Amino acid sequence: MSPTMRHFVLIEDNPLDIDLIQRAFARHGQTQALQVVASCLQARQLFAQWQTQEALPSLILLDINLHGESGLDLLEELRAQPLTEHIPVVVLSSSLEHCDIERAYRSGVNAYVQKPMEFAELSRLLAEIASFWGQRNKTCH
């Protein structure tokens, strides 16, 4: 990623998945670009800190199965706010349930991706995501 790149936010509560995702980003030299939030409460606190377009991340990677709450409820809250309604959000989930995928898209997700089981595949996937959403995709902020 380029030095002028805004950061990514990972909303994930599974410590093993967090570690694997951080290692995958580090493998591609992207450790400074990833901010980890481990709960819906922490995510809401982070959202409240965003007061300007410049503070917004380039991308949110969102798990939908968070302790006690759905990441999709959080997504709907994000989409309901004018400042954050256009932040690209990619669901990164182990679920391939049709109802989860359908609700994610109805709630405004930009992409829904299944988490690969193998680290090498996860690493390749995250490199592709970082390249597209961090460099190629053009945003309004």
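How each quantity is defined
Residues numbered from 1 in each chain as written. Predicted model: local features only at pLDDT ≥ 70, side-chain atom pairs only at ≥ 80, totals over all residues. Heavy atoms only, no water. Pairing = 2+ DSSP bridges. Helix = DSSP H or I, 4+ residues; strand = E, 2+ residues; numbered from the N terminus. Axes fitted to C-alpha atoms, helices over the stretch in contact; angles between N-to-C directions. Core = buried A, V, L, I, M, F, W, Y, C linked by side-chain atoms within 4.5 Å. Buried < 20%, exposed > 50% of the residue type's maximum accessible area, 1.4 Å probe, protein only. Contact = heavy atoms within 4.5 Å. Phe/Tyr/Trp six-rings, centres within 6.5 Å; stacked < 30°, edge-to-face > 60°. Lys NZ or Arg CZ within 6 Å of the ring centre and 35° of its normal. Parallel < 35°, antiparallel > 145°, perpendicular 65-115°, else oblique. Nonpolar A, V, L, I, M, F, W, Y, C, P; charged D, E, K, R; others polar.

Peer 1: Can you walk me through the sheet that holds strand S2 (residues 34-37) in this structure?
Peer 2: Paired through their backbone hydrogen bonds, the strands of a sheet run either parallel or antiparallel. Read from one edge to the other, the open sheet built from 5 strands follows the order S2-S1-S3-S6-S7, with strand pairing classed as parallel. The open sheet is flanked by S2 and strand S7 (111-114), the only strands paired with a single partner. Taking each pair of neighbouring strands and ignoring which way they run, the sheet shows an average axis angle of 20°. Pairing analysis gives 3 bridges linking strand S3 (residues 59-62) to strand S6 (residues 89-93), with the strands arranged parallel.

Peer 1: Just to check I follow, could you spell out the nonpolar core for this structure?
Peer 2: Side chains that are nonpolar tend, in soluble globular proteins, to be buried together. In terms of nonpolar packing, the biggest core is built from 23 residues, with Ile 11, Phe 47, Trp 50 and Ile 60 touching the most fellow members. Taken together, the elements giving at least two residues each to this core come down to strand S1 (8-11), helix H2 (40-49), S3, helix H3 (71-79) and S6. Every residue in contact with Phe 47, bar those within four places of it in the chain, is listed here: Ile 11, Ile 60, Leu 74 and Leu 78. With 20 residues, the next largest nonpolar core counts Phe 8, Leu 10, Val 113 and Ile 129 among its residues.

Peer 1: Got a minute to help me understand the pairing of S3 in this structure?
Peer 2: Side-chain direction in a regular strand flips from residue to residue, so the side chains alternate between the two faces of the sheet. On S3, burial covers both faces: Leu 59 and Leu 61 on one face and Ile 60 and Leu 62 on the other are all buried. Strand direction decides the pairing type here: S1 and S3, joined by 4 bridges, are parallel. Each residue of the ladder has a partner; that of Ile 11, found in S3, is Leu 62.

Peer 1: Hey, could you run me through the packing of aromatic side chains in this one?
Peer 2: Aromatic rings in a pair are described by how distant their centres are and how their planes are angled relative to each other. Taken as a whole, this structure holds 2 aromatic pairs when the rule is applied. Note on Phe 8 and Phe 25: the rings are 6.0 Å apart at their centroids and 85° apart in plane angle, and the pair reads as edge-to-face. Taken together, the residues span a long stretch of sequence, with Phe 8 in strand S1 and Phe 25 in helix H1 (residues 15-27) at a distance of 17 residues. We classify Phe 25 as buried; its relative accessible area is 1%. A ring pair is formed by Phe 47 and Trp 50, whose centres lie 5.2 Å apart and whose planes are at 35°; its orientation type is tilted. In this structure, Arg 23 packs its charged tip against the face of Phe 119, placed 4.9 Å from the ring centre.

Peer 1: Got a minute to help me understand the environment of Leu 78 in this structure?
Peer 2: Within the secondary structure, Leu 78 sits in helix H3. Separated by 24 residues in sequence, Leu 78 and Glu 102 place their C-alpha atoms 18 Å apart. If near-sequence neighbours (up to four positions away) are discounted, Leu 78 is found in contact with Phe 47, Trp 50, Ile 60, Thr 84, Glu 85 and Val 89.

Peer 1: How should I be thinking about the packing of H3 against helix H4 (residues 98-106) in this particular structure?
Peer 2: Helix packing for two helices is described by the angle between their axes and how far apart those axes are. At their nearest, the axes of H3 and H4 sit 10 Å apart, and the two run at 10° to each other. Our classification of the angle between H3 and H4 gives roughly parallel. Facing Leu 72, Asp 73, Leu 75 and Glu 76 of H3, the residues of H4 in contact are Asp 100, Arg 103 and Ala 104. Split into classes, the residues belonging to the contact of H3 with H4 amount to 3 nonpolar, no polar and 4 charged.

Distances and angles like these do not, on their own, reveal function.
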